[in-house]
Every structure is written in structure tokens, then in C-alpha cells.
Amino acid sequence: MSILIGNPLLPPPFPVHRFTVDEYHEMIQKGILQEDTPVELLDGWIVPKMPRNPPHDTTIHKTQKVLLGLLPPPWEVRVQSAITTETSEPEPDLVIVPGPPERYSCNHPAPRDIAVIIEVADSSLAHDREEKGKLYAQARIPIYWIINLVNRQVEVYSRPSGPDPSPGYRRREDYLINDFVPLVLAEKEVAQVAVKSLLPATSAPDGQPSS
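About the thresholds
Residues numbered from 1 in each chain as written. Predicted model: local features only at pLDDT ≥ 70, side-chain atom pairs only at ≥ 80, totals over all residues. Heavy atoms only, no water. Helix = DSSP H or I, 4+ residues; strand = E, 2+ residues; numbered from the N terminus. Buried < 20%, exposed > 50% of the residue type's maximum accessible area, 1.4 Å probe, protein only. Contact = heavy atoms within 4.5 Å. Pairing = 2+ DSSP bridges. Axes fitted to C-alpha atoms, helices over the stretch in contact; angles between N-to-C directions. Salt bridge = Lys/Arg side-chain N within 4 Å of Asp/Glu carboxyl O. Core = buried A, V, L, I, M, F, W, Y, C linked by side-chain atoms within 4.5 Å. Expected span 1.5 Å × (residues − 1). Arc of directions from axis to C-beta.

Trainee: Would you explain the overall build of the protein in this entry?
Mentor: Scanning the protein from terminus to terminus reveals four helices and twelve strands. Within the protein, buried positions represent 43% of all 211 residues. Considering only contacts within the protein whose residues lie at least 6 apart along the sequence, 53% involve residues at least 24 apart.

In C-alpha cells:
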């Protein structure tokens, strides 16, 4: 049995096996994959996680702090923790789910638990828009944010197609540096999030941070 670790967009040059979520869990339980192995299951393929850099990690930390100050009970934010869909087990940068944490002691959050899923994107922008977007839309995750470090904006995707030959989100709205993103949980707006509060500072010519 072969494990495909590579770009899931490229056709493999040899026969491979597409894994179920249960098979993926079994490989972790048996030590074939370690808990800290930098891979995730995407639509049946075991693929490497995208590498992270300081701006990416800073954005995750800032976003977590902002959201923690805005989320009403029982909502909580999980950071780089797995979720489980029918065919995948990705580890998104942030996800908003109802608490308490003990609710997920035996199983990762499922699509029905998730209000908002968030990816921070720089070099992974195309992958997050296309492959992750299709995966999340197929799972009917209602709202998907991409914090786009390339264009310094937040892209909000909504109205997922659900299972479909060409899954995707039917609506996309872009929020620029001086805009505020509506934070919608279970179809109710609970806050407005300043895009500027999520993004890392840029470097001024003298090397000092600037907005």
C-alpha cells in the first residue's frame, strides 16, 4: 500500500491508494504516522502541510487574540487543530466552534460544529482558494475566511455548494485594509472585525514596523 505525499493536483506516476478517514486514524494509532508528522488528509490523499513563516504565525496569533475578545459564549477558537469531514482531516489555521473543549475529547469538530474556518495565506494562496475552498464548500462549512497576506485583505466565502461535481462557494467578498469584516456565527452577526487588526505590520525603510 502506497502513501502519496505530494501535490494532490498532479496525477501520480504509479498506482496509489486513496485513504479513508478511518484508515488515516489507524495509521496514526499504529505509529505509521506520528502525531507531529507534518501531513494532513485532503480528499483521501495524505499531503504535506504548507510551511509557515513569521508573518503567517504572527497573523494566526493576532487573529486568535482578536477573536477571543469578540466571541460570545459558547463559541471558542481552535488553532491549527484538526477537523474531520467525510473524506478529509485538514488542520486549518483557526476554526470557530461551540465549546466547551471537552466536547471534542473523542472526536475532532465536524462540519456541523463549525461556524467559521480561517486560513492564513501567502505562498499557499492559490491552494487555499482552490483546493481548501473546494474541500470546505463540499463539507458545507458555512463561512470560510482567507486572510490574504499577499494583497493584505480578508476574503470571505459563503453559500457553500455542498457535495457537487465542482464544489465551491457561491459568494466571495473582499475586505481591504481599512474595512471591517462581519463576524457571523450561526447566521447571526456578532461583531465587526477590523482587517488591520489581523494583519502583521509591514516594515518601514528604517526597519521599524509600520501599518
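Trainee: I would appreciate a short explanation of unusual backbone geometry in the present structure.
Mentor: Leaving glycine out, the prevailing phi sign among residues is negative, and the prevailing peptide bond configuration is trans. Backbone torsion omega between Pro-73 and Pro-74 reads 5°, so that peptide bond is classified as cis. Going from Gly-99 to Pro-100, the amide bond is cis rather than trans, its omega being 5°. One non-glycine residue with positive phi stands out, namely Gln-80, at about 45°. Among the structural elements, Gln-80 can be located in the loop between strand S3 (75–79) and strand S4 (94–98). One non-glycine residue, Arg-140, adopts positive backbone phi at about 65°. Examined against the element boundaries, Arg-140 turns out to sit in the loop between helix H3 (125–138) and strand S6 (143–148).

Trainee: Explain the sheet that holds S4 here, please?
Mentor: Within a sheet, each strand pairs with its neighbour through backbone hydrogen bonds, oriented either parallel or antiparallel. The strand order across the open sheet formed by six strands is S3-S4-S5-S6-S7-S8, and the pairing between neighbours is mixed. Every interior strand has two partners, whereas the edge strands, S3 and strand S8 (169–175), have only one. For this sheet, the mean inter-axis angle between neighbouring strands, taken without regard to orientation, is 20°. Across six bridges, S6 lies against strand S7 (residues 153–160) in antiparallel orientation.

Trainee: Help me understand the pattern of salt bridges in this model?
Mentor: As a working rule, side chains carrying opposite charge can pair if their charged atoms are close by. Applying the stated criterion to the full structure yields nine salt bridges. Among the ionic pairs, Arg-171 bridges to Glu-173, the shortest N-O distance being 3.2 Å. Judged by its relative accessible area of 41%, Arg-171 falls in the partly exposed class. Within the structure, one salt-bridge network assembled from shared partners comprises Arg-129, Glu-155, Arg-172 and Asp-174.

Trainee: Mind showing me how you'd approach the nonpolar core here?
Mentor: Among the nonpolar cores identified, the biggest contains 26 residues, and Val-116, Trp-145 and Leu-183 are the most heavily contacted of them. In this view, Leu-183 contacts Leu-67, Leu-70, Leu-71, Ile-96, Val-116, Trp-145, Lys-188, Glu-189, Val-190, Ala-191 and Val-193; residues no more than four positions away in its chain are not counted. Of all hydrophobic cores here, the second largest spans 20 residues; its members include Ile-117, Ala-121, Tyr-136 and Tyr-144.

Trainee: Any chance you could explain helix H2 (residues 54–68) here in plain terms?
Mentor: Each full turn of the α-helix corresponds to 3.6 residues, which orients residues three or four apart in the same direction. Between its first and last C-alpha atoms H2 spans 21 Å; for 15 residues at 1.5 Å apiece the expected length is 21 Å, and the two agree. All of the buried residues in H2 are His-56, Thr-59, Ile-60, Thr-63 and Leu-67. All buried residues of H2 fall inside an arc of 100° around its axis, so they share one side. Facing away from the buried side of H2 by more than 90 degrees, the exposed set consists of Pro-54, Lys-65 and Leu-68. Buried positions along H2 lie against S3, S4, strand S5 (116–121), S6, strand S9 (180–185) and helix H4 (195–198).

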